[in-house]
Structure formats: structure tokens, C-alpha cells
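# Coordinate analysis (summary)
One letter stands for each residue in the lines below.
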Amino acid sequence: MSSTTPRSVPHRLLPVLVALAALLAGVLVATGRAEAAETLLSQGKPAASSSKEGSSYSSGKAVDGNLTSTRWASLEGSDPQWIRVDLGAVSPISRVKLFWEAAYGEAYRIQVSDDAATWTTVYSTSSGDGGEDDLAGLSGSGRYVRMYGTARGTEYGYSLYEFQVFGGGTSTPSPTPTVTPTVPPGDSFVVAAAGDIAAQCTASSSSCAHPKTAAQVQAMNPEFVITMGDNQYDDARLSDFQNYYDKTWGKFKSKTRPAAGNHETYDPAGTYAGYKGYFGSIATPQGKTYYSYDRGNWHFIALDSNYFDQAAQINWLKADLAATTKGCVAAYWHHPLFSSGEHGNDPVSKPVWKILYDARADLVLNGHDHHYERFAPQNPDAQADPGGIVEILGGMGGASPYNIENVQPNSLKRLKDIYGVLKLKFGPDTFSSQLIGTDGAVKDTSPTYTCH
């Protein structure tokens, strides 16, 4: 497709109508919650558990309101295990939220009791997959509420960042992060992004880079974090995620929106076993390794470039783009269509690029080659196009750097032998980027682009 070929325009609402609809929806949601809001009953209340891995992982850590850095953990390798909270009085229970760490429960029950002796089950599952479990529509009452785990999802124990119990009403005031935040379309926000992150090293080694890139993410305090694959090296085993990635980038796990890379397929336990075991439903919020979510006027799409040859993902992408009413679109995956690095251009991504280009997408983020590269807007045939897509390659999250081999057309900036994090600034209809090095210095700044 040449740069002069007209591009099809998908059905999207005018910004004024989107803003008006958002305002009206906000009024309706606020009214509904005022009439029937659920109340968080468990935070700060006394808690007890069947066991704990150590003094840093006591039961009270699961009701302290911290969703990312404190947690309860049971002893490893033993079933059953439980954690309970004392609400102080018999209360109706309508919802329970479980924020699992990597060690999650595959089979567990939610039970209530008036005396902590006789228990009634109000929910049970044998197919838990970790991440966040939002168990709504529960019917029961009790002073005590517990999670009673009967089968671990990993070889370890059970571990919860937070155990939340709600009572009353039929909706929650959303006191915790969600995969698809609902916010006015007129605000701006910051996102941190990188690929190729956790080498098998720790902060005890001065040459280990992923603790240093994680420190830059923390300094940014982003709205959420995007990863562009190869999150954990070399074979992305669950134990490696726990020993390396979790010690650094794991601080942001609850607000991470990951994509898988080729190293996630190397796990001897099975393709994506460690990746899914660690991230749980965070990696598959819509039941697949590709998904989408909205923030303001932006539509974000996480794709799985290991399987771009499968029709199911391609058909889903087309339908997803056709359905969005957002004015701006960003997509990310591992293998770049355009790269001046050692791996070079990867044609597996070209059909996806064409679909995104035809849908007037604005930004693509990739990893795989371990360098930084920013391209001018272009079409899938590498022709400069002011209405094309901006690609940024951010494979400098912590893995050993690669060389620049063959400079591609439209490549505006290339940096090798560097580690860093992309700081992406999104406005209602604009975006820009910076590369922040591990020393905190700005290494590159893009122009501010307007959405198509």
C-alpha cells in the first residue's frame, strides 16, 4: 500500500459524543452506587491463618490494603491451608476479592461462620488460575470469612496480596485497580513499557540491569506497566519468575499488562506454564494470551506474536478493532515488523500491521531485539506516511544488549548498549515518548503525535 492510498476509517464516535456519553455514564454509575454500594468490611480487621511461610508473610498482611508489596503466604507444599478474617460482627456477605501472588489456589472455597467453628460454603472452584478473582453475587452471612484452599496451583503454597470481603448492595465502589479503568476521556496519563526484562541475576550483582530498570519504573509511578515479551529468561519457568522478575518488576505486577515473547514458550513444564503460573489471569484477562482494554480515549491491544499464524487471533483482532469507539489505538507484542537489530525485520507481524494500519492505529510497541529504536510514521511496506503507525522498539529492559546490524528506512533514533524504560505520555488525542536510562537521564524524546 502506498502512502497515497486512502485508508479506511472504522466506526468511531466523535470526541464530543464520547465525552458526553462518558459524563452521562458517570452520572448514572454514581447514582447507582449511591443507592446500592457495597462496603469493604475486611480491611484492617483481625486475621488468622493455618500457617505462614515466615514472619514477613503473616495473615494480617492480606487485609492491610496494600495490593502490590505485602502478602500472606502459607507454608509450601501442603494442603489444605486457610486464611480467615474476623469482621467483628455477623454481617451479610455479597462479594469477595482475592488478589493472588504467583502461588495461587487452584481449588478453594469461600466459607462463612458465626463462631469460627461451623462453616458454610458460599463459593467453591476447582479451576482457579490465579491473578485476581472477583467473586460477586455471594449469598451468606457470618462474622468470620475464610478462603479454604484444598489444591495448590503451583508446587509452592498459597499466597494472597489481599483478601477483601464486601457486604451490602450489588456493586462495588472499585477500591482496587481494574483491567479496564473507567475514566474521563479528557485526561492524560503515563505508562511505563519495556521488553526483554529479567535476566537470571539479582541486585547483588552490579551488572544486573533489571533491578535498575525497575527503579526507573517506580520513579515514574505510571498508571500501568506494559511488557513486550521475554519477561523472564532463559526458559521462563515459574521458579525463575519468582526468583528474578518478581524481585524487581514484580513490584508492579497488579498494574502490569503483559505480552508473551518467544522465551515464554521454552518452559520445560509446557508453553506459557511459568508465564501463566506467575501472572495468572493478569496475562489472560479475557481467557486468551491476547486481549484489549481501554483507558480514557485510548484503546490498548496486547497481542501474542508467537501465534500470528493462527486465524483465531487475527479474527479476534479484526472484530476488536471494529468494535472500539475510542479515538486512539495502541498495540504491542514481541516480534517487530521493523528492526535494525540482530534479529531484523520479522515478516510474521506484517499481516497484523496491515490490519492495524487499515484501522488507523497510532502506535505499536515491540521487543525481541535488545536495543532501542524509534521509527517515523510509516505503512506496512516501510513507506513514510504521515498517517501511518509509529513503531518503538524497547527491548532494553534488562537482557544483554544486541548490536545494530542493518539500519531500516524511517528509523529516526537507534541506541545500543543501553538499558532503560519507555515513558509514554498519553493525552486525549495525542502521545509522545521518552527513553529513560538506568541513570534516570532522558536518552531520547519523540515528537508529540496526534491520533489519526
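Residues numbered from 1 in each chain as written. Predicted model: local features only at pLDDT ≥ 70, side-chain atom pairs only at ≥ 80, totals over all residues. Heavy atoms only, no water.

## What about the sheet that holds strand β14 (residues 291-295)?
Spatial strand order, β14-β15-β16-β17-β19-β18-β20: seven strands in an open sheet with mixed pairing. Single-partner strands in this sheet number two, and they are β14 and β20 (411-415). Averaged over all neighbouring strand pairs, the angle between strand axes comes to 15°, with direction disregarded. (Pairing = 2+ DSSP bridges. Helix = DSSP H or I, 4+ residues; strand = E, 2+ residues; numbered from the N terminus. Axes fitted to C-alpha atoms, helices over the stretch in contact; angles between N-to-C directions.)

## What about the packing of aromatic side chains?
What describes a pair of aromatic rings is the distance from one ring centre to the other and the angle between the planes of the rings. Overall, the coordinates contain 28 aromatic pairs when judged by the stated rule. For the ring pair tyrosine 272 and tyrosine 275, a centre distance of 5.8 Å and an interplane angle of 50° mean the geometry is tilted. With a relative accessible area of 6%, tyrosine 272 lands in the buried category. Using a relative accessible area of 0% as the deciding quantity, one classes tyrosine 275 as buried. On the basis of an interplanar angle of 80° and a centroid distance of 4.9 Å, the ring pair of tyrosine 278 and phenylalanine 279 is categorised as edge-to-face. The exposure classification of tyrosine 278 matches that of phenylalanine 279, with both residues buried. Members of the aromatic cluster, each reached through a chain of ring pairs, are Phe189, Phe224, Tyr291, Tyr293, Trp298, Phe300, Phe426, Phe431 and Tyr449. Above the plane of the ring of tryptophan 119 lies arginine 146, whose end atom (NZ or CZ) is 4.2 Å from the centre. (Phe/Tyr/Trp six-rings, centres within 6.5 Å; stacked < 30°, edge-to-face > 60°. Buried < 20%, exposed > 50% of the residue type's maximum accessible area, 1.4 Å probe, protein only. Lys NZ or Arg CZ within 6 Å of the ring centre and 35° of its normal.)

## Re the sheet that holds strand β4 (residues 81-93)
On the basis of which strands lie adjacent, the open sheet formed by five strands has the order β2-β4-β9-β6-β7 and antiparallel pairing. This sheet does not close on itself; its edge strands, each paired only once, are β2 (47-49) and β7 (120-125). Strand-to-strand twist across the sheet, computed as the mean angle between neighbouring axes with direction ignored, equals 20°. Both strand β6 (residues 105-113) and strand β9 (residues 140-152) contribute to a ladder of eight bridges, which runs antiparallel. In the sheet register, serine 113 faces β9, and the bridge partner there is tyrosine 144.

## Some words on the pairing of strand β12 (residues 224-228)
Where burial is concerned, most of β12 is hidden: five out of the five residues are buried. Note: strand β11 (residues 189-194) against β12, four bridges, orientation parallel. Residue pairing for β12: alanine 192 is matched across the bridge by valine 225. Assessed by its sense of winding, the connection that carries the chain from β11 through helix α2 (residues 210-220) to β12 is right-handed. Pairing between β12 and strand β13 (residues 256-259): four bridges, direction parallel. Note on β13: the bridge partner recorded for isoleucine 226 is arginine 257. Running through helix α3 (residues 238-248), the crossover from β12 to the neighbouring parallel element β13 is right-handed. (Right-handed = clockwise from strand over helix to strand, strands pointing away.)

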